[in-house]
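Breakdown of the fold
For reference, the chains in residue letters:
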Amino acid sequence: MSDDEIDRAVKEAAEYEAQDKKRKEAIDTRNDADAFVFQTEKALEEVGASLDPADKAAVEADINALKALVEANPQPENMTDSQVDEMKAAKEKLTESAQKVFAKMYENAQAASGQAGAGPNPSDFGGAAGGSAPEDDVVDADFKEV
């Protein structure tokens, strides 16, 4: 290749680099939004009954708005900058409204782990006074060198 052809190829690559970055941003934005819709729907199914009805309705409305944008753009590489910005804004709005849903899930998980930790104390089973582990005939491993 001549120097002119190499220079032309480098310039073309630089031009396409900007387009590729925009395309990647659009694809990532749509994929993130789609995943967040799915995640929020699952969380809402799990703890929706224990939420304030107004909070639940707000989250559902934001889910539906973002889901409509995701479904309206099945090929994200063809999205315009304004569509990408609109999807980002809708995802941000859903993130804010879903905070209570995820906080409720966290509370439920903490309550469940707290109940699991409230079980019997293993040192109470046949151990010596003072809570040391009971002696037994457990052998960690047997091996034979050949």
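Residues numbered from 1 in each chain as written. Predicted model: local features only at pLDDT ≥ 70, side-chain atom pairs only at ≥ 80, totals over all residues. Heavy atoms only, no water.

1. Examining the packing of helix α1 (residues 3-47) against helix α2 (residues 53-72)
The following threshold applies: The convention used is that axes are lines fitted to C-alpha atoms, helices contributing only their stretch in contact, and that angles between N-to-C directions extend from 0 to 180 degrees. Helix and strand assignments come from DSSP, with helices taken as H or I runs of at least 4 residues and strands as E runs of at least 2, each series counted from the N terminus. Orientation is classified from the angle alone, with under 35 degrees giving roughly parallel, over 145 giving roughly antiparallel, 65 to 115 giving roughly perpendicular, and any other angle giving oblique. Two helices cross in a left-handed way if the nearer one is turned anticlockwise from the farther one by less than a right angle. They cross in a right-handed way if the turn is clockwise. For this analysis, residues touch if any pair of their heavy atoms sits within 4.5 Å. Nonpolar residues are Ala, Val, Leu, Ile, Met, Phe, Trp, Tyr, Cys and Pro. Charged residues are Asp, Glu, Lys and Arg, and all others, Gly as well, are polar.
Where α1 meets α2, the closest approach of the two axes is 10 Å, and the angle between their N-to-C directions is 150°. Considering their axes alone, α1 and α2 lie roughly antiparallel with respect to each other. Crossing hand, α1 versus α2: left-handed. Between α1 and α2, the residues in contact are R30, A33, D34, V37, T40, E41 and L44 and K56, V59, E60, I63, L66, K67 and V70, respectively. For the contact of α1 with α2, the residue count by class is seven nonpolar, one polar and six charged.

2. Digging into the pattern of salt bridges
Once the charged atoms of two side chains with opposite charge are near each other, the side chains can pair. Stated precisely, the cut-off is as follows: Salt bridges are identified by distance alone: a Lys or Arg side-chain nitrogen within 4 Å of an Asp or Glu carboxyl oxygen. A 1.4 Å probe rolled over the protein chains alone gives each residue an accessible area, and that area as a share of the maximum for its type sets the label: buried under 20%, exposed over 50%, partly exposed in between.
Under the criterion given, the structure shown has eleven salt bridges. A salt bridge links D20 to R23, with the shortest nitrogen-to-oxygen separation between them at 3.8 Å. With D20 and R23 both in helix α1 and three residues apart, this pair spans about one turn of that helix. Residue D20 is classed as partly exposed on the basis of its relative accessible area of 43%. Residue R23 is classed as partly exposed on the basis of its relative accessible area of 35%. The salt bridge partner of K67 is E41, with a shortest N-O separation of 2.5 Å. Separated by 26 residues along the polypeptide, K67 in helix α2 and E41 in helix α1 bring together distant segments of the chain.

3. Notes on the packing of α1 against helix α3 (residues 81-97)
At their nearest, the axes of α1 and α3 sit 10 Å apart, and the two run at 25° to each other. Our classification of the angle between α1 and α3 gives roughly parallel. You can see that α1 and α3 cross each other, and the crossing is left-handed. Contacts between α1 and α3 involve K22, E25, A26, T29, R30, D32, A33, F36, V37 and T40 from the former and D81, V84, M87, K88, K91, L94 and T95 from the latter. For the contact of α1 with α3, a count of residues per class yields seven nonpolar, three polar and seven charged.

4. So, the packing of aromatic side chains
Going by this rule: Any Phe, Tyr or Trp ring, taking Trp's six-membered ring, that has another such ring centre within 6.5 Å forms a pair; planes under 30 degrees apart are called stacked, those over 60 apart edge-to-face, and the others tilted. Lysine and arginine charges are scored as sitting over a ring when NZ or CZ, respectively, is within 6 Å of the ring centre and within 35 degrees of the ring normal.
Taken as a whole and judged by the stated rule, the model has one aromatic pair. Ring centres of F36 and F102 lie 6.1 Å apart, and the angle between their planes is 40°; this geometry places the pair in the tilted category. Of the two residues, F36 is situated in helix α1 and F102 in helix α4 (residues 99-117); the sequence distance between them amounts to 66 residues. Positioned above the aromatic ring of F36 is the side chain of K91, whose terminal nitrogen or guanidinium carbon lies 5.4 Å from the ring centre.

5. Some remarks on the environment of E41
To be explicit about the condition: By the criterion applied in these results, polar contacts are pairs of N or O atoms within 3.5 Å in which, for protein atoms, one can donate a hydrogen and the other can accept it, and in which residues neighboring in sequence qualify only through two side-chain atoms.
Among the residues examined, E41 registers a relative accessible area of 24% and is labelled partly exposed. In the structure, E41 is positioned 23 residues away from N64 in sequence and 10.0 Å away in space, judged by C-alpha atoms. When near neighbours in sequence (up to four residues on either side) are disregarded, E41 contacts I63 and K67. A polar contact is formed between the side chain of E41 and the side chain of K67, at a distance of 2.5 Å.

6. A few points about a negative patch on the surface
Definition in use: Residues qualify for a patch when their relative accessible area is over 30% and they have no salt bridge, like charges being joined within 9 Å and the nonpolar side chains of Val, Leu, Ile, Met, Phe, Trp and Tyr within 5 Å. Computed with a 1.4 Å probe, the accessible areas rest on the Shrake-Rupley method; for each residue, only the protein chains presented here act as cover. Neither His nor the chain ends contribute to the count of charged residues, in which Lys and Arg are positive and Asp and Glu negative. Lysine's charge is taken at NZ, arginine's at CZ, aspartate's at CG and glutamate's at CD.
Among the surface-exposed residues, D3, D4, E5 and D7 lie close enough to one another that they form a single negatively charged patch. Looking at the secondary structure, you find D4 in helix α1. Exposure remark for D4: the relative accessible area of 62% places this residue in the exposed category.

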